[in-house]
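Report on the structure
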Amino acid sequence: MTLIDGKAISEQIKQEIAAEVADIVAKGGKRPHLAAILVGHDGGSETYVASKVKACEVCGFKSTLIRYESDVTEEELLAKVRELNEDDDIDGFIVQLPLPEHISEQKVIEMIDYRKDVDGFHPINVGRMSIGLPCYISATPNGILELLKRYQIETQGKKCVVLGRSNIVGKPMAMLMMQKSYPGDATVTVCHSRSKDLVKECREADIIIAAMGQPNFVKADMVKEGAVVIDVGTTRVPDATKKSGFKLTGDVKFDEVSPKCSFITPVPGGVGPMTIVSLMRNTLLAGKKAIYQ
């Protein structure tokens with residue numbers, strides 16, 4: 001069993017990006033600039049945004065954090081998005097999800113200029129991705145592809161089961177694993193809460209990508225010998241032994257599943273760090289105007 005070390009790979013990629021940024025700046029080019037909008041004080045969002053700001057420093061990017069309290073009006077938030085769209089110094093920006101209930105996430109996502117949508121959530125980027133055109137690919141699926149690539153995991157013709165159908169992970173992941181490219185060329189099945197033979201599907205899978213947000217959902221009897229298991233789940237589960245009072249738990253029951261796997265990602269330290277580094281790569285592409293002029 002090989003443990004897929006997302007932390008080590010993400011550090012490596014950050015250094016690669018930093019070297020490229022240093023080169024761009026040395027040649028008189030513009031330093032890439034990423035902005036993030038954070039609404040309210042959701043614990044998970046706070047952690048994520050702090051990691052993103054830190055990653056920007058390592059990569060040599062300029063970063064701007066814009067904070068609002070959770071009672072900000074939808075109109076005020078949309079006005080800020082329009083302002084960032086027009087700001088030539090900002091190459092890419094994200095609005096950290098989830099947003100408070102009185103704000104339409106879809107409206108906010110659609111308001112973002114797709115050329116600056118480094119999260120890859122805008123319908124134009126999603127549409128381009130689904131037909132294999134250059135675009136910003138959403139960070140988590142992109143990070144998973146990078147792990148498969150760097151560990152040289154075979155995907156061609158393999159049976160891949162994606163657990164979960166969210167717009168952020170499940171759907172784009174399934175699309176990408178179907179593309180005529182590497183990693184890709186797999187036969188993909190998407191399972192979700194309404195799937196009848198979910199256990200049977202998993203048992204037949206060469207690759208399982210678990211993104212349901214249900215702690216310890218995938219157990220040993222659902223995984224065949226030699227399978228590749230990618231665990232996207234990160235749920236805070238109470239743990240009195242930890243200083244924070246909780247521990248991060250994946251969708252896969254790691255201790256019992258890992259002995260059967262050829263490759264598996266841990267939680268934390270697997271997919272999580274790759275999500276942030278994928279956002280950095282999208283920001284670099286935005287800064288270089290590599291996809292959209």
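About the cut-offs
- Residues numbered from 1 in each chain as written.
- Predicted model: local features only at pLDDT ≥ 70, side-chain atom pairs only at ≥ 80, totals over all residues.
- Heavy atoms only, no water.
- Disulfide = S-S within 2.5 Å.
- Buried < 20%, exposed > 50% of the residue type's maximum accessible area, 1.4 Å probe, protein only.
- UniProt positions renumbered as here; feature names shortened; annotations may be inferred.
- Helix = DSSP H or I, 4+ residues; strand = E, 2+ residues; numbered from the N terminus.
- Expected span 1.5 Å × (residues − 1).
- Contact = heavy atoms within 4.5 Å.
- Polar contact = N/O pair within 3.5 Å; in protein donor to acceptor, adjacent residues only side chain to side chain.
- Core = buried A, V, L, I, M, F, W, Y, C linked by side-chain atoms within 4.5 Å.
- Axes fitted to C-alpha atoms, helices over the stretch in contact; angles between N-to-C directions.
- Parallel < 35°, antiparallel > 145°, perpendicular 65-115°, else oblique.
- Nonpolar A, V, L, I, M, F, W, Y, C, P; charged D, E, K, R; others polar.
- Lys, Arg positive; Asp, Glu negative; His and termini not counted.
- Salt bridge = Lys/Arg side-chain N within 4 Å of Asp/Glu carboxyl O.
- Pairing = 2+ DSSP bridges.

Re the state of the cysteines
Taken as a whole and assessed by the stated rule, the structure comprises zero disulfides. Cysteine C135 is unpaired, with the sulfur of C160 as its nearest cysteine sulfur at 19 Å. With no disulfide of its own, C160 has C191 as its nearest cysteine by sulfur position, at a separation of 10 Å. For C160, a relative accessible area of 0% corresponds to the buried category.

As for the UniProt feature "domain: Tetrahydrofolate dehydrogenase/cyclohydrolase NAD(P)-binding" (unreviewed entry) in the protein chain
Per the UniProt annotation, the sites labelled "domain: Tetrahydrofolate dehydrogenase/cyclohydrolase NAD(P)-binding" (unreviewed entry) are residues 138-289. Between the C-alpha atoms that bound residues 138-289 the distance is 17 Å, and the span itself is 32% helix and 20% strand.

Some words on helix α1 (residues 6-26)
Taking 1.5 Å per residue, 21 residues should reach 30 Å; α1 reaches 30 Å between its end C-alpha atoms and fits that length. Residues of α1 that are buried: G6, I9, S10, I13, K14, I17, A18, V21 and I24. Buried residues in α1 make contact with α2 (43-59), α6 (139-150) and α10 (271-287). Between the side-chain oxygen at the start of α1 and the backbone nitrogen of K7 there is a gap of 3.2 Å, and the oxygen is on D5. Looking one or two residues past α1, G28 carries a phi angle of roughly 85°, positive in sign.

Quick word on the nonpolar core
One finds M177, I209, I230 and M280 to be the most contacted residues of the largest nonpolar core, which totals 48 residues. When near neighbours in sequence (up to four residues on either side) are disregarded, I209 contacts I144, C160, V161, V162, L163, M173, M177, I230 and V232.

Describing the packing of α1 against α6
As a packed pair, α1 and α6 sit with axes 11 Å apart at the nearest point and diverge in direction by 100°. With respect to their mutual orientation, α1 and α6 come out roughly perpendicular. Along the contact surface, α1 presents G6, I9, Q12, I13 and E16, while α6 presents E146, L147 and R150.

Section: the packing of α1 against α2
Between α1 and α2, the least distance of the axes is 8 Å, while the angle of their chain directions is 50°. The orientation of α1 relative to α2 falls into the category oblique. Here α1 contributes K14, Q15, I17, A18 and V21 to the contact with α2, which in turn contributes A55, V58 and C59. For the contact of α1 with α2, the per-class residue count stands at six nonpolar, one polar and one charged.

A word on the side chain of D117
Tracing the chain through its elements places D117 in the loop between α4 (105-111) and α5 (123-130). Nearest to the buried, unbridged D117 among oppositely charged side chains is R128, at 10 Å. For D117, the contacting residues outside a window of four places in its chain are F93, I112, H122, N125 and Y136.

Considerations on the sheet that holds strand β8 (residues 227-231)
Whether parallel or antiparallel, the strands of a sheet pair through hydrogen bonds between backbone atoms. The strand order across the open sheet formed by six strands is β1-β11-β8-β7-β5-β6, and the pairing between neighbours is parallel. Looking at which strands have only one partner, the edges of the open sheet turn out to be β1 (2-3) and β6 (187-191). Taken together, the four bridges between strand β5 (residues 159-163) and strand β7 (residues 207-210) define a ladder with parallel strand orientation. Opposite V162, over in β7, you have I209 as the bridge partner.

What about the sheet that holds strand β4 (residues 92-95)?
Taken in spatial order, the three strands of this open sheet run β3-β2-β4, and their pairing is parallel. Looking at strand neighbours, the two that pair on one side only are β3 (62-68) and β4, the edges of this open sheet. Here the average twist between neighbouring strands, direction ignored, is 15°. Where strand β2 (residues 33-39) meets β3, seven bridges bridge the pair, whose relative direction is parallel. Across the sheet, residue L34 finds its bridge partner in β3, namely S63.

Examining unusual backbone geometry
Of note, the amide linkage connecting L97 to P98 takes the cis form, showing an omega dihedral of 0°. Along the polypeptide, P98 turns up in the loop between β4 and α4. For the bond from V267 to P268, the omega torsion is -5°, close enough to zero to count as cis. Following the sequence through the fold, P268 ends up in the loop between β11 (261-264) and α10. Not every positive phi belongs to a glycine, and Q152 is a case in point at roughly 50°. Tracing the backbone shows Q152 in the loop between α6 and β5. Of the residues examined, Q152 reaches a relative accessible area of 69% and is grouped as exposed. In this structure, N216 takes a positive phi of about 55° despite not being glycine. Take N216: it is sitting in the loop between β7 and β8. Taking the relative accessible area as the measure of exposure, N216 reaches 29% and is therefore partly exposed.

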